[in-house]
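# Chains, contacts and geometry: an overview
What follows is each chain in one-letter form.
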Amino acid sequence: MTELRNVEADLSRFRTRVLAASLAVLACFLLLALRLVYLQVVRHDDLNEQAENNRTAVVPIVPNRGLILDRNGIVLATNYSAYTLEITPSRLGTDLERTIDDLSHVVDIQPRDRRRFKKLYEESKSFESLPIRTKLTDEEVARFAAQRFRFPGVEIKARLFRNYPYGELASHVIGYIGRINQAEKKQMEEWDEEDQSNYRGTEYIGKLGVEQSLEKGLHGITGVEQVETSAGGRAVRKLASKPATPGNTVLLSIDIKLQKLVEDMYGERRGALVAIDPKTGEVLAFVSKPTFDPNLFVDGIDVENWQALNESIDKPLLNRALRGTYPPGSTYKPFMGLAALTTGKRTATQITMDGGSWAFGGHVFRSHGDHGLGAVDLTRAIALSSNVYFYSLANDLGVDAIHDFMKPLGFGQLTGIDIFGEVRGVLPSQEWKRNYYRRPEQKKWFAGETISLGIGQGYNSFTMLQLAQATSILANDGIKHKPRLIIATQDPMTRVQTVVPPEPEENLGYKPEHVSVIRKAMVAVTQGGTGTRVFANAGYISGGKTGTAQAVTIGQKEKYQASKLEEHQRDHALYIAFAPADDPKIAVAVVVENAGFGAASAAPIARRVFDYWLMGQYPNEEDLAAVRKGTAAGPIGKPRVAAEVPWPPSGAGGAASPAPAASAALASAPRAPAATAAVPAASAVKVAAPAARN
């Protein structure tokens, strides 16, 4: 029997299904419409920006770093452009070592390049572009370009490189730039947002000296370039750009020719010299020997050179003028004399008997090889460097009175010079000793410890910068200026020069008659005292003080014999001076490490600095050689005219001529010393000679 279907029921079910399907389709279309409205209307601006970003790329334009010039406009730091071969490890198609091996068949890659790259790789992130070779030749660029398809993640970039045309000359002052390390990146995260954005695309930063201290001014303002890119990420065309603004040009107070002269006079010896204009605080020479070549650091120093610099017993990376501390030796005596007059512990004419030794508490303090100078007043004590006079004076003053007097002069204090890294040294006091030592028995100050302070020994430990500043205060009648290296900056676009104003001067309040006594005593050093031979026949009158400071302690019953000591254990030679005596224009502090007597090794350097600055004279080669050996006193032979000495010096990394952008700075910069004939010895008292610096 055949079953009849219910047509009406079937139609009803069909209509229900069609309706449900229609509603589902309609719901889908509604969802699509809503999504379309959301994307096209609500998120239009956001998605349009994302699409634009996918189509375009914003590339930072790193600015040209600012130039660094000496006071006469000679360029000490500049830039040049070169090609580098760079690897981005995260984008490599093969193993890193294999990629480098393959690249070495296309471009010359030396073992030192591999070691430098490995060091950079360890300090960086995998997505950063790292140079494997720098300064590619045009031929190498062409060879790689032809085979670039083989090396995904490897590309050639044009980069600016810092150049120090005179190599090691003044390297501690100028400093250097190097790749930004992880510690520096972490510090930069604390900068404000504007400064951080200005360093996007920047991979190098100042590390020492002026390069570090004026980093943000030298860096410039980063520009941006918007380019259209293909699907593969290649630039198709430039859409818009904002050019980078070069960094400021910086004008230093140092005279690079004087700097070169001093460094030449040191030769292979170690030491430091600081020369200051006492009327302004401008640093004229800032020497630390040995030096180093800052060009080694520009594109990453290799392991061998780093080890040679870092492990050398001579410590070439140590800025001895800024961070090296030394006992001042007898150069401390003029300041002790001023303390005696100011506190009333001595008068200028008060006599002390110098019998060659001075006993205190069962200890004998020796002087001048155990032979005495007889009756000495303050002038004679400074001129002939009587130890006995200052042993007695130190005992009468006491350690705290010495500390309180010396502190305003800058001893054991930061001078505030405008580069980073300065150290304080040690100006001892009872409080200092209590804070410095841990064990109770070490904290007590013993009266016998005060005695050696009077001759610049004991706990005394100062930098040459501090000693030069104190000397300039004496030369400037008790007026104190903060030392400074940076005297002006110049905008590279407008060429407008901005003079860096000096800090307000400070009058330390010494009585003029007291300062006059000390200055006359220091003149006596060069006119019959321990510096007479060195300054004989000079065309000016100068004041100075020789000093010899112990590098190691000698026993009470022992005698100092340099020949029996290792070279690094011998006494340091020191000298402080100012000239001309009646109107000082320059003050210097010199130390030659382990060179013995100040009159033999340090004073001759100061003499030639004065001859250059005041007389426009430059020592001849024979004289320079004798100074390096410590066998010269006064100049040997006829000096050269400073203005006629060839520049740039032979062996320099390249000629450094004044940059066009620096024209405004050069127009008002002080010039080199005028070349003048030496003033005859008979007229040496006429210190206002025509060779005085303008």
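Parameters at a glance
Residues numbered from 1 in each chain as written. Predicted model: local features only at pLDDT ≥ 70, side-chain atom pairs only at ≥ 80, totals over all residues. Heavy atoms only, no water. Patch = residues over 30% accessible without salt bridge, like charges linked within 9 Å, V, L, I, M, F, W, Y side chains within 5 Å. Areas by Shrake-Rupley, 256 points an atom, 1.4 Å probe, with all protein chains shown as cover. Salt bridge = Lys/Arg side-chain N within 4 Å of Asp/Glu carboxyl O. Helix = DSSP H or I, 4+ residues; strand = E, 2+ residues; numbered from the N terminus. Pairing = 2+ DSSP bridges. Axes fitted to C-alpha atoms, helices over the stretch in contact; angles between N-to-C directions. Buried < 20%, exposed > 50% of the residue type's maximum accessible area, 1.4 Å probe, protein only. Core = buried A, V, L, I, M, F, W, Y, C linked by side-chain atoms within 4.5 Å. Contact = heavy atoms within 4.5 Å.

With that settled, the discussion passes to a nonpolar patch on the surface. On the surface, Leu19, Leu23, Leu26 and Leu30 cluster together into a nonpolar patch covering about 400 Å² of accessible area. Tracing the backbone through its elements, the reader meets leucine 23 in helix H1 (residues 7–42).

What follows covers the sheet that holds strand S22 (residues 572–579). The 5 strands are arranged S12-S11-S23-S22-S21 in an open sheet whose pairing can be described as antiparallel. The sheet terminates laterally at strand S12 (283–289) and strand S21 (543–549), the two strands that pair on one side only. Across the sheet, the axes of successive neighbouring strands diverge by a mean angle of 5°, strand direction being ignored. Bridge count between strand S11 (residues 271–276) and strand S23 (residues 586–592): 6 bridges; the pairing is antiparallel. Each bridged residue has a counterpart across the sheet, and for valine 274 the counterpart in S23 is alanine 589.

The next thing to look at is helix H15 (residues 333–343). When you tally the buried positions in H15, you get 9 out of 11 residues, the bulk of the element. Listed as buried for H15 are Lys333, Pro334, Phe335, Met336, Gly337, Leu338, Ala339, Ala340 and Leu341. Among the residues trailing H15, glycine 344 stands out with phi positive, at a value near 80°.

Take the pairing of S23 next. Consecutive residues of a regular strand have side chains that alternate between opposite faces of the sheet. Most of S23 sits out of view: 7 of its 7 residues are buried. Here S23 shows a buried face lined by Ile586, Val588, Val590 and Val592 and a second buried face lined by Ala587, Ala589 and Val591. Pairing analysis gives 7 bridges linking S22 to S23, with the strands arranged antiparallel. Looking at S23, one finds that phenylalanine 578 is bridged to alanine 587.

What follows covers the pattern of salt bridges. Side-chain pairing between opposite charges can occur once the charged atoms of the two side chains come close. All chains considered together, the criterion is met by 30 salt bridges. A salt bridge links lysine 585 to aspartate 583; the nearest nitrogen and oxygen atoms lie 3.3 Å apart. Where arginine 640 meets glutamate 621, a salt bridge forms, and the shortest distance between an N and an O atom there is 3.6 Å. Of this pair, arginine 640 sits in strand S25 (residues 640–641) while glutamate 621 is found in helix H26 (residues 621–629), placing the two residues 19 residues apart along the sequence. Through salt bridges with shared partners, one network takes in Arg65, Arg162, Glu211 and Glu215.

What follows deals with the nonpolar core. Counting 91 residues, the largest nonpolar core has Phe286, Phe335, Met406, Leu409 and Phe411 as its most contacted members. Counting residues per element, this core draws most heavily on helix H22 (residues 464–475), at 8 residues. Apart from residues lying up to four places away in sequence, phenylalanine 286 is in contact with Val173, Gln259, Leu273, Val274, Asn319, Ala321, Leu322, Ile417, Ile419, Leu465 and Leu485. Tyr575, Val590, Tyr618 and Val627 belong to the second largest nonpolar core, which has 40 residues in total.

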